[in-house]
Amino acid sequence: KEIRLGKVLSWSIPSVLAGLIIWIVIGLSGLNVIEYVTTRGSALINPEEDPSGAWRIAQWETQLSKFYGSPVLGEGFGGYWGLEGDIGVSPHNLYVQTLVKIGIVGLFLYLMVVFKVFSAMKNWIKAQRTRSNPELAIVLTGLVVLIAAHAFYMVYSFEYYTWLFVGLGVAVIKD
């Protein structure tokens, strides 16, 4: 199960060419990829100077005022996000959203489930090191998606596609 250098080279040249073509097409469409990534990255480093970053922080502060009203169990599901001074959208942060809706107890339980899934996947992957298991890729993908999604959730709300990949990984572990 080794990767031969010749095979890597035979795929690397077409991959680089495909990437170059995609880069050129995107550039011709008027989007400067480096500028876009730099601008979006600045929202994490200096949110006060990024309109989107400043807006998100304002949303979090507004929504956290709801959390302070019922910190243990939250306000419950249902209802709307609108508050005075708010434009009526979710806080664009899974952790703030969870605190507002199901409180500290709900956030703790959610994080415990995520940690349990993470640990199970990690342990299963470690156990497969000595074997050749084609399903390893499914579990590894689920683990990477689980980690990446929880970084993504810092600036976006919950989305379901993450759990399709994580669910496939858990299904492999449980089978």
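Keep in mind it's a predicted model, so treat the numbers as computed, not measured. (Residues numbered from 1 in each chain as written. Predicted model: local features only at pLDDT ≥ 70, side-chain atom pairs only at ≥ 80, totals over all residues. Heavy atoms only, no water.)

**Quick look at the confidence of the model for the chain**
Phase 1 of the analysis: Counting all residues, the mean pLDDT for the chain is 84, and 90% of those residues have values of 70 or more.
Phase 2 of the analysis: By mean pLDDT, helix 2 (residues 33-45) is the weakest element of the chain at 73, and helix 4 (residues 94-127) is the strongest at 94. (pLDDT = per-residue confidence, 0-100. Helix = DSSP H or I, 4+ residues; strand = E, 2+ residues; numbered from the N terminus.)

**Overview of a nonpolar patch on the surface**
Phase 1 of the analysis: On the surface, Val72, Leu73, Val105, Phe108, Leu109 and Met112 cluster together into a nonpolar patch covering about 580 Å² of accessible area.
Phase 2 of the analysis: The topology assignment puts Val72 in the loop between helix 3 (51-69) and helix 4. (Patch = residues over 30% accessible without salt bridge, like charges linked within 9 Å, V, L, I, M, F, W, Y side chains within 5 Å. Areas by Shrake-Rupley, 256 points an atom, 1.4 Å probe, with all protein chains shown as cover. Salt bridge = Lys/Arg side-chain N within 4 Å of Asp/Glu carboxyl O.)

**Details of the packing of helix 5 (residues 136-152) against helix 6 (residues 161-174)**
Phase 1 of the analysis: At a closest axis distance of 8 Å, the pairing of helix 5 and helix 6 adopts a crossing angle of 140°. Overall, the two elements helix 5 and helix 6 adopt an arrangement that is oblique. Handedness of the helix 5/helix 6 crossing: left-handed. The segment helix 5 lies against helix 6, with Ile138, Val139, Thr141, Gly142, Val145, Leu146, Ala149 and His150 engaging Thr162, Trp163, Phe165, Val166, Leu168, Gly169, Val172 and Ile173. (Axes fitted to C-alpha atoms, helices over the stretch in contact; angles between N-to-C directions. Parallel < 35°, antiparallel > 145°, perpendicular 65-115°, else oblique. Left-handed = near helix turned anticlockwise from the far one by under 90°. Contact = heavy atoms within 4.5 Å.)

**Notes on unusual backbone geometry**
Phase 1 of the analysis: You will see that His92, though not glycine, has its phi angle at about 55°, which is positive.
Phase 2 of the analysis: Examined against the element boundaries, His92 turns out to sit in the loop between helix 3 and helix 4.

**Concerning the nonpolar core**
Phase 1 of the analysis: Met121, Trp124, Val139 and Tyr153 are the most contacted members of the largest nonpolar core, which totals 22 residues.
Phase 2 of the analysis: Looking at this core, the element that brings in the most residues is helix 4, giving 12 residues. (Core = buried A, V, L, I, M, F, W, Y, C linked by side-chain atoms within 4.5 Å. Buried < 20%, exposed > 50% of the residue type's maximum accessible area, 1.4 Å probe, protein only.)

**Observations concerning the packing of aromatic side chains**
Two numbers describe a pair of aromatic rings. These are the distance of the centres and the angle of the planes.
Phase 1 of the analysis: Under the criterion given, the structure shown has six aromatic pairs.
Phase 2 of the analysis: Relative to Tyr68, the ring of Phe67 lies with its centre 5.6 Å away and its plane at 55°, an arrangement referred to as tilted.
Phase 3 of the analysis: You can call Phe67 buried: its relative accessible area is 10%.
Phase 4 of the analysis: A ring pair is formed by Tyr153 and Phe158, whose centres lie 6.0 Å apart and whose planes are at 25°; its orientation type is stacked.
Phase 5 of the analysis: Take Tyr153: its relative accessible area is 0%, and that puts it in the buried class.
Phase 6 of the analysis: Classification of Phe158 by relative accessible area gives partly exposed; the value is 33%.
Phase 7 of the analysis: Each member of the aromatic cluster is reached from another via a ring pair, and the members are Phe152, Tyr153, Tyr156, Phe158, Tyr160 and Trp163. (Phe/Tyr/Trp six-rings, centres within 6.5 Å; stacked < 30°, edge-to-face > 60°.)

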